[in-house]
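# Geometric and topological summary
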Amino acid sequence: MSIFDDRERAFEAEWANRAEQRLRLRARRNRLLAEWAADQEGLAGDARAARIRELVKRDFEPEGEAALFDAVAQTLGRDPSDIAARAAELEAEAAAQLSAQGMSRPPPD
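Residues numbered from 1 in each chain as written. Predicted model: local features only at pLDDT ≥ 70, side-chain atom pairs only at ≥ 80, totals over all residues. Heavy atoms only, no water.

## Some remarks on the pattern of salt bridges
To keep things clear, this is the line we draw: One side-chain nitrogen of Lys or Arg within 4 Å of one carboxyl oxygen of Asp or Glu is enough to make a salt bridge. Going along the chain from the N terminus, every DSSP run of H or I of four or more residues is numbered as a helix, and every run of E of two or more is numbered as a strand. Here the term buried applies to any residue with accessible area under 20% of the maximum for its type, exposed to any over 50%, and partly exposed to those in between, with areas from a 1.4 Å probe on protein chains only.
Tallied over the full model, the rule gives 13 salt bridges. The shortest N-O distance in the salt bridge between Arg29 and Glu91 comes to 3.5 Å. Taken together, the residues Arg29 in helix 1 (residues 2-41) and Glu91 in helix 4 (residues 80-100) connect sequence positions 62 residues apart. For Arg29, a relative accessible area of 6% corresponds to the buried category. Looking at Glu91, the relative accessible area reads 23%, which means it is partly exposed. Across the pair Arg86 and Glu89 runs a salt bridge whose closest N-O atoms are separated by 2.8 Å. Placement of the pair is Arg86 and Glu89 together in helix 4, with a separation of three residues, close to one helical turn. Exposure remark for Arg86: the relative accessible area of 24% places this residue in the partly exposed category.

Structure, rendered in structure tokens:
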């Protein structure tokens with residue numbers, strides 16, 4: 001049974017590692033999107049920082065990233081699909097940033 005227990009622990013550790021990588025990537029992407037949106041709004045200083053915090057928190061709502069994309073789209077007067085496309089671009093940038101910090105890109109689900 002020891003071999004099976006070891007394999008089970010290894011699979012659980014791998015799953016946890018992948019989940020953490022996906023979470024870090026999504027959080028970094030959301031931060032980049034919020035910064036981009038604040039820049040598009042022309043915000044600076046404390047107003048910019050507050051707006052970024054507000055937008056990043058949207059991902060924790062029950063609707064998840066859809067709430068974030070809708071909030072950005074509404075503020076900028078754009079279609080949510082345009083914001084989703086921008087988020088996809090920023091996800092690649094986020095992955096590059098995390099890779100530069102020594103974290104590998106999470107594998108697809």
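Next comes the rest of the account.
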